[in-house]
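What follows is each chain in one-letter form.
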Amino acid sequence: MKKCLVIGSTVCDIIIYVDKLPKRSEDVHVKDQVLSLGGCAYNVVSVLHNLDIPHVFISPVGTGMYGDFVKEELRKKNIKTDVYLQEDNGCCYCIIDSSGERSFMSYHKCEYTFSPTWLNDYNLDDFSYIYICGLEIEDRDGHILSDTISGFSGTVVFAPGPRVNMIDEKLLNKIYQSNPILHLNQDELKEITKTTNIDEALKKLYKLTQNIIIVTLGDKGSMYYDGKKSIRVKGYDATVKDTVGAGDSHIGAVISCLSKGKTLEQALDFANLLSSKIVQTQGVNLSNKEYDELRKILA
């Protein structure tokens, strides 16, 4: 089994629980506040790490109180990155309302940068999958990252994210030319295609990528489109605590399954199960016992 390469951010998530988002000039009481590791790439690699999937993690860690937090938490979890920069690390304010839905306010710093020199010690052909996120492509080094992965011989897994229309169209097209597997939710699918009909949106997007499109459907599970047919895989019941990192963890689970030779339907079923557990906890950090059970299912 070849390794997976995960490129992207690790941040300090400041998770704030409220009954509802405040209106302008309104005061609300915070019910709880938690500091947790987050960032799209970290959320993905956390799943790979805990499921014992061989991987390399390229995630720049900076300085300051957020950088110190990230460095120490990665050490505790035995998750390795070799990229440490003398620049400030940012954070993400995750505001969770009573339904469990999250709103983000992100303070981007060095964790959203990229240099191809960070890959000098690796042969990209040694990796079967490479994960990247739209937030990194949107940011200041997005053109460098898109150039770097353009020659990758394995499968690119791209999560465009909710800000996909903030990404330079030329960079998006360059990524599409690498025939990536796309992973997104229904709202992101409609946003990226400017199409409200799901079937039409899938066909429109597939013409650009010529590869599998995976769409998460919340509590209804997920689906994939292979250019000919759409297959839906049911979800699992869950009492939602918060939805932070659920989509990232879902694609981490899909990559894990595909790396072990599972079918797409098996991968989506497993990913639906794992993400149903993620939404029932704070952040994305499941217990050792939960991961023990998940490893047995994946074996």
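Everything here concerns the structure above.
So, a few notes on the structure that sits alongside this text. Please read all numbers here as calculations on a predicted model, not as lab measurements. (Residues numbered from 1 in each chain as written. Predicted model: local features only at pLDDT ≥ 70, side-chain atom pairs only at ≥ 80, totals over all residues. Heavy atoms only, no water.)

Further remarks concern the sheet that holds strand E9 (residues 127-133). Spatially, the 8 strands line up as an open sheet ordered E4-E1-E9-E10-E11-E12-E13-E14, and their pairing is mixed. Unpaired on one side and paired on the other, strand E4 (55-58) and strand E14 (230-233) mark the two borders of the sheet. Neighbouring strand axes in the sheet, compared pairwise and without regard to direction, differ in orientation by 15° on average. Of the strand pairs in this sheet, strand E13 (residues 222-225) and E14 are connected by 4 bridges, and their pairing is antiparallel. By the bridge assignment, Tyr224 is partnered in E14 with Ile231. (Pairing = 2+ DSSP bridges. Helix = DSSP H or I, 4+ residues; strand = E, 2+ residues; numbered from the N terminus. Axes fitted to C-alpha atoms, helices over the stretch in contact; angles between N-to-C directions.)

Attention shifts here to the packing of aromatic side chains. Under the criterion given, the structure shown has 3 aromatic pairs. An angle of 85° between the planes, with centres 5.7 Å apart, marks the rings of Tyr206 and Tyr225 as edge-to-face. Taken together, the residues span a long stretch of sequence, with Tyr206 in helix H7 (residues 198-209) and Tyr225 in strand E13 at a distance of 19 residues. The ring centre of Phe104 lies 4.3 Å from the NZ or CZ of Arg102, which sits over that ring. Of note, Lys241 hangs over the ring of Tyr17, and the distance from its end group to the ring centre comes to 5.0 Å. (Phe/Tyr/Trp six-rings, centres within 6.5 Å; stacked < 30°, edge-to-face > 60°. Lys NZ or Arg CZ within 6 Å of the ring centre and 35° of its normal.)

Bringing the side chain of Thr216 into the picture now. Position of Thr216 relative to the elements: it lies in strand E12 (residues 213-216). Looking at Thr216, the relative accessible area reads 15%, which means it is buried. Leave out the neighbours within four places in its chain, and Thr216 touches His183, Leu184, Asn185, Gln186, Gly221, Ser222 and His250. (Buried < 20%, exposed > 50% of the residue type's maximum accessible area, 1.4 Å probe, protein only. Contact = heavy atoms within 4.5 Å.)

In this structure, Ser25 takes a positive phi of about 75° despite not being glycine. Relative to the helices and strands, Ser25 resides in the loop between strand E2 (11-17) and strand E3 (32-38). Residue classification places Ser25 among the exposed positions, given a relative accessible area of 76%. At Gln210, a residue that is not glycine, the phi angle is positive and equals roughly 55°. Along the chain, Gln210 falls in the loop between H7 and E12. For Gln210, a relative accessible area of 47% puts it in the partly exposed group.

On the surface, Tyr93, Met105 and Tyr107 cluster together to form a nonpolar patch covering roughly 300 Å² of accessible area. With respect to the helices and strands, Tyr107 occurs in strand E8 (residues 102-107). (Patch = residues over 30% accessible without salt bridge, like charges linked within 9 Å, V, L, I, M, F, W, Y side chains within 5 Å. Areas by Shrake-Rupley, 256 points an atom, 1.4 Å probe, with all protein chains shown as cover. Salt bridge = Lys/Arg side-chain N within 4 Å of Asp/Glu carboxyl O.)

This paragraph deals with the sheet that holds E8. The 4 strands lie next to each other as E3-E2-E7-E8, forming an open sheet whose pairing is mixed. Strands at the two margins of the open sheet, each flanked by one partner only, are E3 and E8. For this sheet the average axis-to-axis angle between neighbouring strands, irrespective of direction, equals 20°. In the sheet, E2 pairs with strand E7 (residues 91-96) via 6 bridges, with the strands oriented parallel. Bridge pairing in E7 links Ile16 to Ile95. Contacts from helix H2 (residues 64-77) reach E2, E3 and E7 within the one sheet, and its direction differs from that of E3 by about 70°.

This brings us to helix H1 (residues 40-50). Judged by how many residues are buried, H1 sits mostly within the fold: 10 of 11 residues are covered. Within H1, the full set of buried residues consists of Cys40, Ala41, Tyr42, Asn43, Val44, Val45, Ser46, Val47, Leu48 and Asn50. At the exit of H1 stands Asp52, carrying a positive phi of roughly 60°.

This paragraph deals with the pattern of salt bridges. Tallying each qualifying case throughout the model produces 13 salt bridges. The partner of Lys76 in a salt bridge is Glu73, and the shortest N-O contact between them spans 3.3 Å. Of this pair, Lys76 and Glu73 both sit in helix H2, 3 residues apart, roughly one helical turn. Looking at Lys76, the relative accessible area reads 54%, which means it is exposed. The class for Glu73 is buried, based on a relative accessible area of 17%.

Moving on: the nonpolar core. Across soluble globular proteins, nonpolar side chains have a tendency to be buried as a group. In terms of nonpolar packing, the biggest core is built from 65 residues, with Leu51, Tyr131, Ile255 and Leu274 touching the most fellow members. Considering each element in turn, this core owes the most residues, 8 residues, to helix H9 (residues 264-278). In terms of nonpolar packing, the next biggest core, distinct from the first, is built from 40 residues, Val56, Phe127, Val164 and Ile198 among them. (Core = buried A, V, L, I, M, F, W, Y, C linked by side-chain atoms within 4.5 Å.)

Another aspect to go through is the environment of Ile130. In this structure, Ile130 sits in strand E9. Ile130 sits 26 residues away from Val156 along the chain, and the two C-alpha atoms are 4.9 Å apart. Look past the residues within four positions of Ile130 in its chain and what remains in contact with it is Leu5, Ile7, Ile149, Phe152, Thr155, Val156 and Val157.

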